[in-house]
Structure formats: structure tokens, C-alpha cells
Amino acid sequence: MNYIEAVKYIHSLLKFGIRPGLNGMDALLHFLGNPHKNLKYVHVAGTNGKGSTSTAISNVLTDAGYKVGLYTSPYVTDFLERVQFCGKPVDKALFAKCVERVKTAVEVLEKEEVIITEFEALTASAFLCYKELQCDVVVLEVGLGGRLDATNVIETPLVNVITSLSIDHSAILGNTIEEIAFEKCGTIKENGNVICSFGQPEGAIKVIEKTVGEKNNTLTIPCESDIKINKSDIFGTEFVYKNEEYFVKMAGEHQVKNMTCVIEACNILKKYFNLTDENIKNGISKTILPARVEIISEKPLVILDGGHNEDGAKAFYNAVLPELEKRHRVIVIAGMMADKAVEDSLKPLMLKTDVFFAVTPDNPRAMKAHDLAEIASKYSKQVFTVQNIKEAVKIAHDAADENTAVLVVGSLYLAGEIRETLLEIF
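These figures come from a predicted structure and were not determined experimentally.

(A) Local environment of the overall build of the protein. Scanning the protein for helices and strands turns up 15 helices and 17 strands. Computed over the C-alpha atoms, the radius of gyration of the protein is 21 Å, within 12% of the 22 Å expected from 2.2 N^0.38 for a compact globule of 426 residues. Reported as C-alpha extents along the three principal axes, the dimensions of the protein are approximately 60 × 55 × 40 Å. Among the 426 residues that make up the protein, the fraction classed as buried is 56%. Nonlocal contacts in the protein, meaning residues at least 24 apart in sequence, comprise 75% of its contacts between residues at least 6 apart.

Have a look at this one:
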């Protein structure tokens, strides 16, 4: 099996959908010899901010010279963004070898009527890679929820991080913030350490505190009063936390919330690894993710963002609003998943938009462009449906001048599809 065949095989398991629960994952890992055991972990759950938080922690540990696995999702342009080693995608040949072992196991389990999903097969493949690479530590981002997520087969991690919580994936995780928090807190094991971002909804923090007490964990919540923001714009934020200066390249003050979790998590990791304050600062300053308020061009200003739920969209809007105020024209290209709070997510941005192009991302869950256009027409001055995503970029390019802002928003699926075109054209 080569790399292309391996990715194709993983994708072939999409037909089994999402099946919350750990029975299949336990059976698969048992067949593979439990490769996840005897590795150390940082486990990151939450609704928004998991990716940047996980990546920053990985960068800090890598900066300190450790062999670090990073498991994250989704990817934007390269499938192996999801399975990294020391800040880079794992070797394709190694990944293919590990997927081949997983495929053999899946075929045996199928005969026993045990169904393995795409995410379970990928997670098991990642564990095999990290065992083979003899990782000193693995930063493990939860896929969906936490309690029944495939990553939750691990024993007590060195640190649990719970980033910003809000209501998302309600059909699976619940309709209230308390239900969401319960699912995320399912990652908390006995006698561990929990870092929780500040500003959580009251109902969520009550559930977190209750779980921490029941599981005999320590709980650290960064104190907002310990933060001073010196400068913040779309090119990043300079801030002080507990009298230490930091810089994060990713735009938006919400990233300060994520990075204070990183700092506190790394302070706990100092018990296990030789980490310095300089490593923490370096790791944070190196952290940047594609399609998270990513600046494609400055003149015209072109920003790509994959924030896909209401809180993520709000954070994006707050980050770019000062720049929008300086522009005489705002063009938006948007494509959303139909199972998201589309109108609530995009309304603030649509009210600032002069021209709105609705597109359909290449995903079975995508909202049709004409349905999105119908929503946008309530708020934006000019709304158009464009069937071809590349054509939408070309039209936006031709309509833009130095004082125009072009924003491409709505979904990481759209971002992955459109990013290369944006880089080519602008």
C-alpha cells in the first residue's frame, strides 16, 4: 500500500459515518497490540480553539527538543496536517505502512461484525505512527465531543485542556451547554491536571468543576485580570500574561484566551519535561494555522477563515472589524455546512458586506448556494450565487482594488477547496 492508496482507504470508511462509542476503537487497538499505551499525552477538548491550542503546545515541546506527535483535525490542504511529528507531516511511507496494518485489522473485525469508522481507523493509524517514532509526548486533539470520541481510549494524560465551549453538533452532543460540557469533560480521568480557558458559560464551568472534583484533578483557569493586551490587529497580538510578554501571529484577541491555556498547560508540563519560558514564547510565536484568519494578500486585503459555528464566526468578525472599517468596499465569498447555525453565524458580517457571493462547498453536508444566497439577501446589498468556486474568486479579484477587503468564510471544507486558488490569483 502506498500513501495515495492509504488515504483513499481511510476515506472509503466515511460510508460508516460517525458512531460515538469506544467499543470499536478498543477492539481495533487490541488487535493492533495497543500501540497507544506507554505514550504520554496532552489531551485537548473544546468547541473552538482546539487546533491553535494543540499546535502551540506541540510547538513549545518541539522547540525544547522533544519528539512530539500532534494529532489534529480537520486538514485544510494536506491530509497529513492531521498526523504530525515535530511540526511536520509524518513520513508518507510510514503512514501508509501503519494504515495497511489497520486495514488488515479492520477486515478481520468486519467478519466479527465490528464496524470501524474513518476517524477510528485514522486515529489508530496515528497511534501506530507515534509508537514507531518513539514520541516523547503526543498532543491529542479530540475529534468530536470527548467522552465517546475515539481519542478517549488513553489513560490519564499529563494535562487535559478544555478550550472555549459553546453549543455545536447538538444532534450528537446535546442541546444545552451543560450537556456539551459533560461530553467534553468525559476526557478527564482520575488524578490528572485540567486547564480550562476563562470566560466559559456558567453552566459549563459548574460541570467542569464538578467533574474535576469527582476525578480528583487539579483545575487551573487563567485569570483574565493577569492579561494586558499591548497591540492587536489582523497581523497578530502582543500581550502580557503574569508580567511576561508574548506574541501570537494569529489574529483575534480570542487567541490570547487560547494561548493563556497553552502557557498554563506548559507550566504543568515543566514537571515532566525540561521546558523554559523561552520555549513557551518561541512555540507560541511560531504558531500559525491555515484558514484561521489567514491573510492571503494585503493589497487588496484578502482573508481566509474556516470558523464554522456561531462563536467561531463571532471571533472572526471581531478580529477583522477594525480593518473593515478602513475599507470602502467589502466582498464576501461564503460557503457553509447546512447543519450549522448559518444565519446567526454570518449575520454580523453580512450586514457589513457590499457584495456577497454564495457558493456550495464540495461536501455532502454543504448548504446549497441558492439557499445561502436567500439568507444573505436579507442583509447584504448585492447577493450572487456562483456555482464554480474558482469563478467566484476570479470575479472577486477583478472587482477588488487596494481599498477592498475580500473575506472568504464559512467552513474549513471551503477553505481547503479554495485556498490554492486564492494564493494563485491574488
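After that view of the structure, there is still more to cover.
(B) Main features of the pairing of strand E13 (residues 301-304). Across the two faces of E13 the burial is the same, with Leu301 and Ile303 and Val302 and Leu304 all buried. Sheet topology note: the strand E12 (residues 294-297)/E13 ladder contains three bridges and is antiparallel. Pairing of Ile295 across the sheet is with Ile303, part of E13. Linking two consecutive strands that pair antiparallel, namely E12 and E13, is a turn of three residues.

(C) Focus on the packing of aromatic side chains. In this structure the tally under the stated criterion is eight aromatic pairs. Centroid distance Tyr41 to Phe127: 6.1 Å. Interplanar angle 85°. Geometry classified as edge-to-face. You can see Tyr41 sitting in strand E1 (residues 41-45) and its partner Phe127 sitting in helix H5 (residues 118-132), a full 86 residues away along the chain. You can call Tyr41 buried: its relative accessible area is 4%. For Phe127, a relative accessible area of 1% puts it in the buried group. Between Lys257 and the ring centre of Phe198, over which it is positioned, the NZ or CZ distance is 5.4 Å. In this arrangement the basic side chain of Lys281 is found over the ring face of Tyr246, its NZ or CZ atom lying 5.9 Å from the centre.

(D) Geometry of the sheet that holds strand E10 (residues 236-241). With antiparallel pairing, three strands are arranged side by side in an open sheet as E9-E10-E11. Across the chains shown, the open sheet's two edge strands, defined by having one partner strand only, are strand E9 (227-233) and strand E11 (244-248). Shown here is a sheet whose adjacent strand axes are inclined to one another by a mean of 15°, direction ignored. Looking at chain direction, E9 and E10 are connected through six bridges and run antiparallel. Paired with Ser232 across the strands is Thr237, a residue of E10. Across the sheet, helix H9 (residues 254-269) touches E9, E10 and E11, and the angle it forms with E10 is around 45°.

(E) Quick look at helix H12 (residues 342-350). Among the residues of H12, those classed as buried are Val342, Ser345, Leu346, Leu349 and Met350. Along the axis of H12, the buried positions cluster into a sector of 120°, meaning they face one direction only.

(F) Layout of the sheet that holds E1. What the eight strands build is an open sheet, ordered E4-E3-E2-E5-E1-E6-E7-E8; its pairing is mixed. Each end of this open sheet is capped by a strand with a single partner; those strands are strand E4 (88-89) and strand E8 (218-220). As paired strands, strand E2 (residues 68-71) and strand E3 (residues 83-85) are joined by three bridges and run antiparallel to one another. In the sheet register, Gly69 faces E3, and the bridge partner there is Phe85. Strands in contact with H9 are E1, strand E6 (159-162), strand E7 (193-196) and E8; relative to E7, the strand with the most contacts, it is inclined by about 165°.

(G) Broad picture of the nonpolar core. Counting residues in each nonpolar core, the largest one holds 44 residues, and the members touching the most others are Leu28, Val83 and Phe95. Breaking this core down by element, the ones donating at least two residues are helix H1 (3-12), helix H2 (23-31), helix H4 (92-111), H5 and strand E5 (137-141). Of all hydrophobic cores here, the second largest spans 36 residues; its members include Ala56, Leu70, Val139 and Val256.

(H) Focus on the pattern of salt bridges. Under the definition given, this model contains 16 salt bridges. Here Lys210 and Glu214 are joined by a salt bridge, their closest N and O atoms 2.7 Å apart. Here Glu214 and Lys210 lie together in helix H8 (residues 202-214), a separation of four residues that amounts to about one turn. Linked through salt bridges whose partners overlap, the residues forming this network are Glu323, Lys326 and Arg327.

Conventions we followed
- Residues numbered from 1 in each chain as written.
- Predicted model: local features only at pLDDT ≥ 70, side-chain atom pairs only at ≥ 80, totals over all residues.
- Heavy atoms only, no water.
- Helix = DSSP H or I, 4+ residues; strand = E, 2+ residues; numbered from the N terminus.
- Rg over C-alpha atoms; globule rule 2.2 N^0.38 Å.
- Buried < 20%, exposed > 50% of the residue type's maximum accessible area, 1.4 Å probe, protein only.
- Contact = heavy atoms within 4.5 Å.
- Pairing = 2+ DSSP bridges.
- Phe/Tyr/Trp six-rings, centres within 6.5 Å; stacked < 30°, edge-to-face > 60°.
- Lys NZ or Arg CZ within 6 Å of the ring centre and 35° of its normal.
- Axes fitted to C-alpha atoms, helices over the stretch in contact; angles between N-to-C directions.
- Arc of directions from axis to C-beta.
- Core = buried A, V, L, I, M, F, W, Y, C linked by side-chain atoms within 4.5 Å.
- Salt bridge = Lys/Arg side-chain N within 4 Å of Asp/Glu carboxyl O.

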